[in-house]
Amino acid sequence: MSNRDYNSKNGPGGASYINGPLQNPVTLHPSTQGYMATRPDGSNMTNLKTTLLPGPEKNNCMPYQPPSPLSPYQSPSSPPQGTLHPFAPITSAVNNHRMSQSPHSQISSTPPVSDSFSQHLQQPTTWQYDGHAHMVNKGSPVPSSGLSQTTTVYSFGTPTPPICNVLQSPGPPPTSASNVPKSAVGPYPPQPGEMSKPVGTVYHSLVPGYQSVPHVPKPLPMHPPTQPYSSPPQQYQQPSVGPAQLSPSLAGLSLQSQIPEALRVVNLLQERNILPPGPVSIPKPCLPKDLQKINCSPEVFRSTLTSIPQTQSLLNKAKLPLGLLLHPFKDLSLPVVTSSTIVRCRSCRTYINPFVSFLDQRRWKCNLCYRVNDVPEDFMYNPVSRSYGEPHKRPEVQNATIEFIAPSEYMLRPPQPAVYLFVLDVSHNAVETGYVDAVCQTLLENLNSLPGDSRTKIGFITFDSMIHFYNLQEGLSQPQMLIVSDIEEIFLPTPDSLLVNLNECKELVQDLLKSLPQMFTRTMETHSALGPALQAAFKLMSPLGGRVSVFQTQLPTVGVGALKPREDPNQRSSAKDVQHLSPATDFYKKLALDCSGQQVAVDLFLMSAHYCDLATLGCISRYSAGSIYFYPSYHSQHNPAHTEQFQKDFKRYLTRKIGFEAVMRIRCTKGLSIHTFHGNFFVRSTDLLSLPNVNPDAGFAVQMSIEENLLDTQMVSFQAALLYTSSKGERRIRVHTMCLPVVNSLSDIFAGADVQAITGLVASMAVDRSVTATLNDARDAMTNAAIDSLISYRNSVLAIQQPGLLAPACLSLFPLYILALLKQEAFWTGSSTRLDDRMFAMCKLKSQPLAYIMLMIHPSLYRVDNLTDEGALNISDRIIPQPRMLQLSVEKLNRDGAFLMDAGSDMYLYVGRNCSPTFLRQVLGVQDYLNVPVNMNQLPELDTAESTKIRAFIGWLREQRPFYPVLHIIRDESPLKARFMQSMIEDRTESALSYYEFLLHVQQQVSKEAK
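The following paragraphs examine the structure supplied in this document. These figures come from a predicted structure and were not determined experimentally.

**What about the sheet that holds strand S13 (residues 372-374)?**
And then number 1: A sheet is described by the order of its strands in space; here three strands give the open sequence S11-S12-S13, paired in antiparallel fashion. Strands at the two margins of the open sheet, each flanked by one partner only, are strand S11 (357-360) and S13. On average, each strand axis in the sheet is tilted by 35 degrees relative to the strand beside it, whichever way the strands run.
And then number 2: Looking at chain direction, S11 and strand S12 (residues 363-365) are connected through three bridges and run antiparallel. Paired with Phe-358 across the two strands is Trp-364, which belongs to S12.

**What to know about the pattern of salt bridges**
And then number 1: Across all of its chains, the model carries 32 salt bridges by this definition.
And then number 2: Residues Glu-986 and Arg-272 are paired through a salt bridge, measuring 2.8 Å at the closest nitrogen-oxygen approach. Within this pair, whereas Glu-986 is found in the loop between helix H21 (977-982) and helix H22 (995-1009), its partner Arg-272 is found in the loop between strand S6 (265-267) and helix H2 (289-294), the two being separated by 714 residues in sequence.
And then number 3: Given a relative accessible area of 6%, Glu-986 falls into the buried group.

**Thoughts on the nonpolar core**
And then number 1: The biggest cluster of nonpolar side chains holds 180 residues, and the ones touching the most others in it are Ile-467, Phe-718 and Phe-827.
And then number 2: Examining the composition of this core, we find that ten residues originate from one element, helix H14 (residues 755-772), more than from any other.
And then number 3: Apart from the residues within four sequence positions on either side, Phe-718 is in contact with Phe-301, Ile-308, Leu-324, Arg-667, Cys-668, Leu-672, Met-704, His-736, Thr-737, Met-738 and Leu-740.
And then number 4: Residues Ala-418, Leu-443, Leu-447 and Leu-502 belong to the second largest nonpolar core, which totals 39 residues.

**Some details on the state of the cysteines**
Disulfides are covalent bonds that connect the sulfur atoms of two cysteines.
And then number 1: If you walk through the whole model with that rule in mind, you get zero disulfides.
And then number 2: Unpaired in this structure, Cys-345 has its nearest cysteine sulfur neighbour in Cys-369, at a distance of 3.5 Å.
And then number 3: Using a relative accessible area of 0% as the deciding quantity, one classes Cys-345 as buried.

**Looking at the side chain of Ser-947**
And then number 1: Take Ser-947: it is sitting in helix H20 (residues 945-959).
And then number 2: One polar contact links the side chain of Ser-947 to the main-chain amide nitrogen of Leu-942, over a distance of 3.4 Å.
And then number 3: Those residues in contact with Ser-947, other than ones at most four positions away along the chain, are Gln-922, Val-923, Pro-940, Glu-941 and Leu-942.

**A word on the sheet that holds strand S26 (residues 672-678)**
And then number 1: Taken together, the four strands give an open sheet; going across it, the order is S7-S9-S29-S26, and neighbouring strands pair in antiparallel fashion. Among the strands making up the open sheet, the edge pair consists of strand S7 (301-303) and S26. Taken over all neighbouring pairs, the strand axes of this sheet differ in orientation by 25 degrees on average, direction set aside.
And then number 2: Pairing of S26 with strand S29 (residues 700-706), which is carried by six bridges, proceeds in the antiparallel orientation. Directly across from Ile-674, in S29, lies its bridge partner Met-704.

**A short note on a nonpolar patch on the surface**
And then number 1: Residues Met-481, Ile-483 and Met-519 make up a contiguous nonpolar surface patch of about 250 Å² in total accessible area.
And then number 2: By the element assignment, Ile-483 lies in strand S20 (residues 480-484).

**Examining the packing of aromatic side chains**
And then number 1: Per the counting criterion, the structure on display carries 27 aromatic pairs.
And then number 2: Note on Phe-551 and Phe-605: the rings are 4.6 Å apart at their centroids and 15 degrees apart in plane angle, and the pair reads as stacked. On the criterion of sequence distance, the pair formed by Phe-551 in strand S22 (residues 546-552) and Phe-605 in strand S23 (residues 600-606) is long-range, its members being 54 residues apart. Across this residue pair, the class does not change: Phe-551 and Phe-605 are buried.

**A short note on helix H18 (residues 850-857)**
And then number 1: Across the eight residues that make up H18, a large majority, eight, are buried.
And then number 2: All buried positions along H18 are accounted for by Leu-850, Ala-851, Tyr-852, Ile-853, Met-854, Leu-855, Met-856 and Ile-857.
And then number 3: In this structure, the buried side of H18 is in contact with S7, strand S9 (323-326), H14, helix H16 (814-822) and helix H17 (835-847).

Cut-offs applied
- Residues numbered from 1 in each chain as written.
- Predicted model: local features only at pLDDT ≥ 70, side-chain atom pairs only at ≥ 80, totals over all residues.
- Heavy atoms only, no water.
- Pairing = 2+ DSSP bridges.
- Helix = DSSP H or I, 4+ residues; strand = E, 2+ residues; numbered from the N terminus.
- Axes fitted to C-alpha atoms, helices over the stretch in contact; angles between N-to-C directions.
- Salt bridge = Lys/Arg side-chain N within 4 Å of Asp/Glu carboxyl O.
- Buried < 20%, exposed > 50% of the residue type's maximum accessible area, 1.4 Å probe, protein only.
- Core = buried A, V, L, I, M, F, W, Y, C linked by side-chain atoms within 4.5 Å.
- Contact = heavy atoms within 4.5 Å.
- Disulfide = S-S within 2.5 Å.
- Polar contact = N/O pair within 3.5 Å; in protein donor to acceptor, adjacent residues only side chain to side chain.
- Patch = residues over 30% accessible without salt bridge, like charges linked within 9 Å, V, L, I, M, F, W, Y side chains within 5 Å.
- Areas by Shrake-Rupley, 256 points an atom, 1.4 Å probe, with all protein chains shown as cover.
- Phe/Tyr/Trp six-rings, centres within 6.5 Å; stacked < 30°, edge-to-face > 60°.

Printed below as a string of structure tokens:
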């Protein structure tokens, strides 16, 4: 299998399924010009640019001529279009000298779409941005209540809950984190009826200034202002806000006499404390308040740009990526509609949503393809108000996220039952780790909590050099083991009794789980026949579909799919580039595609301290829409902390919501095109993803381009529709719809940039680049992403050129996040990083929701030895302190305190040598610093106020994610202190630049290429 098959190509031959002019998001472009990177010692090195996406054809990045409509940032008294305006974009083109055709070019007959990043081919370089880090989120918090789902089923008299969460901000934040008054720190007021409430957010949002600027004169609307769907039932009146009516509404919102907060100029070299004291706010689209309130939650559907450019050339000039990040199956409280009629556009099959236009009581216009459709008679009745003749007030038109109970026409076959198959490695190495006991014990405890109904089936396979099946047929006194020693020709010994009804055979299943850990305690078998075991699982599951959970502790050594070690530990840090990031064989990918065709997903649990070739084994989950879990230090006796972590993760895995035989289609307004997908799936067609299983912890991303100019469009919409079978056997459709404004100036584009969404998409693109090209190419491309966006901003948005490294406030964190990615485990160099660890980090960046990705990229640091109740949250009678976030630099540490670092899957509590004895006694339960255990992983439950506060804070952080982070309590002598210090992103290491040095390098390149 070639490297180019990694992302968007499917099958052994790799036929491409892409809905747009791009086929490979990662290409290399030769350049005519390089840049000089100055080392700290003063020496220079040539370093030619590399970018993440294909570049523009020659001379296709022309000077942008804005159309006649006013810019959203042009005040009513501003000069006419032909006059220089301080907020209007400079219309001269950015010098485009990165234009040559890529050696990895696409089909020649299809012209490549210009990327939002500049294009350069990287020459061999030794300029280093290397380092080590575990990254953590400053994005929107994940609510603690998000791990359980509640639904509202609409029936007569049921009120309609509002869907979207619109955070209210008291105003723009201070310019630096150091001078934030204490009064600026406080909890958000609760919003009634929120779809996904950000529990525990305590700092004011950095809401862009273009949303709410005080004392702005309100312009006269072009049409009489009316509220959507506000007419009385007896007389239907066309709502005022829709695609055709949006222009005056946007004009009324956006005509301002002040610079939006998002466009406030920040000199990154002068403003040291750019990190906000709390979570980074999510920009809101510049839409009328009516639409903002019902727009899809950014926790579910998020765009890198909340203002969509009118043309591809304008997007190219901005040098920012356009894409969507989705969390489609997130645990939510959402409305559920049971109806015999699901209203969809007859042309593009879009589901009716809040952003369609009702031409009259009987006709509605699709907001994606603009076709006029008839309103079905059944849709005239509103089950909420029990009234007739108000289709615009139905829940489908009032909620941007909604779920339908699908009628029979959405079923190709009867809904499948919940089927679970567990495939366990029982070789000597596996038994020695003790994981079999943990799996069986956790499964015993949660057997009754497996999602399903009376049809739920379960089965077990174990393997070493042979395959062991288990007959659990009802009527047997005990389980029967059936051994197949011929692994070359796998067959099922008793096909009808290997998958059994859980309710009917529960006692036999429990007996097997109790006896299984002792059955192989004396085994000396060291070989692993993973490939044949997976073939057996496929044969067993293919008639029904379902979920296969595979546990593996070593490299497969016998049978089909056997692998050989490819990693040389002695060359981890000395190699010029990282090798073997692509699969060694296509066996696992082919088998995954076969599984996907039979609605079977494979989840992989890898538990080994030795090399297991995750780059190859991960294909079985990547292409079957499965999940990957990796516990490299698992041992029940030597590492009890990771044993606890696995047990909690596995419990969540067993009991979380699950959808079977799912497909997801992403639609967008005419003129926009999707060309690349990121995540775990099989691409069935240009815009359809096959997901044999879908779970609440899976995230997806897509890259987009503008195929046709949007000159006559004021608003575009995106819709993700997920069709799945619930564990109860119901066929359901979950629909998310998001609308965004279309703008015609670069200043508007930059004002709506979502820095965290951009960072998440860049991370996924860089993973692809690492596999299809080299890791160094990916690193250079990420660096150039920051450089090019700042060059575009300086050349085309800033009206007055100033010295320094200037960025808009909305992108002020972008260079810091790029540096954090360069120091992230997936991309760092210059250190001894295990190949499997690197690949697991890449897998998470590609398949997790944005909130969890940001947890990986940039850690959160808090001082916790002086917690107070100021700004604390009160959740279920628990007081949750809210300490201020600190910059990731050792200058924020001191020996008198204790500091908590939240790095996503791990937490570190660093105790200073001179930490207060009171804290040591009342929190750690020790008398002095020297008595702090070196390998301490739990805080004792002490009956003190300090202990209660810090345990409540750590527990609250853990509740905001579906996985269980291990707590490491470290001191200066602890082995893990080096890992803790590597996460100090802003500091310099032997092989990586500090944040300030990185900014100097970026400034040098911006100054060199700026006009």
